[in-house]
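# Tertiary structure, described
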Amino acid sequence: MTDKVAVDLSGPAQTMLSTLYLKALDADFERPVLGDQYAKEAIGRIDYDWHGLGITGKWAPMFTVRTAQYDIWARQFMAVNERCTVIHLGCGLDTRVFRLDPGPDVEWFDVDFPAVISLREKVYPSRPNYHLLPTSATDPSWLDQIPADRPTLFLAEGISMYLTQAEGVALLSRVVDRFPSGELQIDFFNWLAIKSQKTQTLVRRSGSTLHWAVNKPSDILDRVPGTRLLNAVTLFDASTFGRASTAFRVAKRALRFLPPVRDSLQYHRYGFGTVS
Ligand SMILES: C[S@@+](CC[C@H](N)C(=O)[O-])C[C@H]1O[C@@H](n2cnc3c(N)ncnc32)[C@H](O)[C@@H]1O
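Bear in mind the structure is a predicted one, so any value in this text is a computation, not a measurement.

What follows concerns the sheet that holds strand 9 (residues 265–273). The strand order across the open sheet formed by seven strands is 5-4-3-6-7-9-8, and the pairing between neighbours is mixed. Strand pairing shows two members of the sheet lacking a second neighbour, strand 5 (130–134) and strand 8 (227–234), which therefore form its edges. The average angle at which neighbouring strand axes cross in this sheet is 15°, direction not considered. Where strand 3 (residues 84–89) and strand 6 (residues 152–156) come together, five bridges link them in parallel fashion. Across the sheet, residue Leu 89 finds its bridge partner in strand 6, namely Ala 156.

Looking at the ligand, there are 21 residues lining it, with Thr 19, Lys 23, Gly 90, Asp 112 and Ala 137 nearest. Within the side chain of Ser 136, one N or O atom sits 3.3 Å away from a nitrogen atom of the ligand. Relative to its unbound accessible area of 590 Å², the ligand is 97% covered by the protein chains. Broken down by element, the shell around the ligand gets its largest block of residues, six residues, from helix 1 (residues 12–27). Broken down by class, the residue content of the shell around the ligand amounts to ten nonpolar, seven polar and four charged.

Turning to helix 5 (residues 114–123), a few remarks are in order. When helix 5 is considered as a whole, its buried residues turn out to be Val 116, Ile 117, Leu 119, Arg 120 and Val 123. Each buried residue of helix 5 sits inside an arc of 160° when the element is viewed along its axis, so together they form one side. Along helix 5, the residues that are exposed and aim more than 90 degrees away from the buried face are Glu 121 and Lys 122.

Another point: the pattern of salt bridges. Throughout the structure, instances matching the rule amount to 18 salt bridges. When the shortest N-O distance is used, the salt bridge between Asp 149 and Arg 150 registers 3.4 Å. For Asp 149, a relative accessible area of 42% translates into the label partly exposed. The class for Arg 150 is buried, based on a relative accessible area of 12%. A salt bridge links Asp 219 to Lys 216; the nearest nitrogen and oxygen atoms lie 2.9 Å apart. The buried category is assigned to Asp 219, whose relative accessible area is 12%. Each of the salt bridges in this network shares a partner with another, and the network as a whole consists of Lys 23, Asp 36, Arg 66, Asp 71, Asp 94, Arg 96, Arg 99, Glu 157 and Asp 187.

How each quantity is defined
Residues numbered from 1 in each chain as written. Predicted model: local features only at pLDDT ≥ 70, side-chain atom pairs only at ≥ 80, totals over all residues. Heavy atoms only, no water. Pairing = 2+ DSSP bridges. Helix = DSSP H or I, 4+ residues; strand = E, 2+ residues; numbered from the N terminus. Axes fitted to C-alpha atoms, helices over the stretch in contact; angles between N-to-C directions. Near = heavy atom within 4 Å. Polar contact = N/O pair within 3.5 Å; in protein donor to acceptor, adjacent residues only side chain to side chain. Areas by Shrake-Rupley, 256 points an atom, 1.4 Å probe, with all protein chains shown as cover. Nonpolar A, V, L, I, M, F, W, Y, C, P; charged D, E, K, R; others polar. Buried < 20%, exposed > 50% of the residue type's maximum accessible area, 1.4 Å probe, protein only. Arc of directions from axis to C-beta. Salt bridge = Lys/Arg side-chain N within 4 Å of Asp/Glu carboxyl O.

So far we have only geometry, and geometry alone does not tell us how the molecule works.
Encoded structure:
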């Protein structure tokens, strides 16, 4: 008998088990990137064959540096907009709300498929001003459940590639149309990352298919009216990449000569609405 929480997920929803596991492994490193003790504790609460994921800790920095970058940007947004809403789409079992510990004037929404949100409810405690929203991102009505009375951060880490371009553009447009002002903080795969998806263990093992490639900010600026570019960096050029292990930093030097590989994962940040 075990009192651990059972998990039975497949497809895109399953991929968040890998990112959680890598964060938990990172927490035990001598020089962690994130040092996410909440992720480590969560792993202990879930009954799952983590080794069966087929990934090892050496890959952790590829994901933890991304999460660290979005933590920095989200903190910056909340520092400027003390009274705000945060929509954390494709939250999986990520513990950003606990890591960032937002103040009392922040309404935080963690959003993911119903099966993932149900798991979240069993694994993590509740907290004030914290809401769980079980839905597919592609359902056109879910944003109506979020009050549009304050600046809004729409943060979507590791989810855009599971949407089609039409779904993604429609979603971003709905956010920009609904909220008075705010930011879109979102990461994208370029054409090469989408094309080479079969080589990505995390994607292949989950049985997911990736669709949406974004190669440069103008792909968004031209399709989502009302957005203005605040920042766009690649995985390798982001300041958090400096926290990755030496092997990754050496690889970065070689990738200078392979732009499509260098640009395969990009972190974008857009503003919309009235400037705060
Ligand atoms: C690679 S995981 C990333 C999870 C988390 N953001 C992290 O960094 O650990 C992708 C997440 O996107 C969610 N997702 C994918 N497609 C979705 C959709 N159409 N609607 C809601 N969530 C979706 C999955 O359920 C999963 O939790």
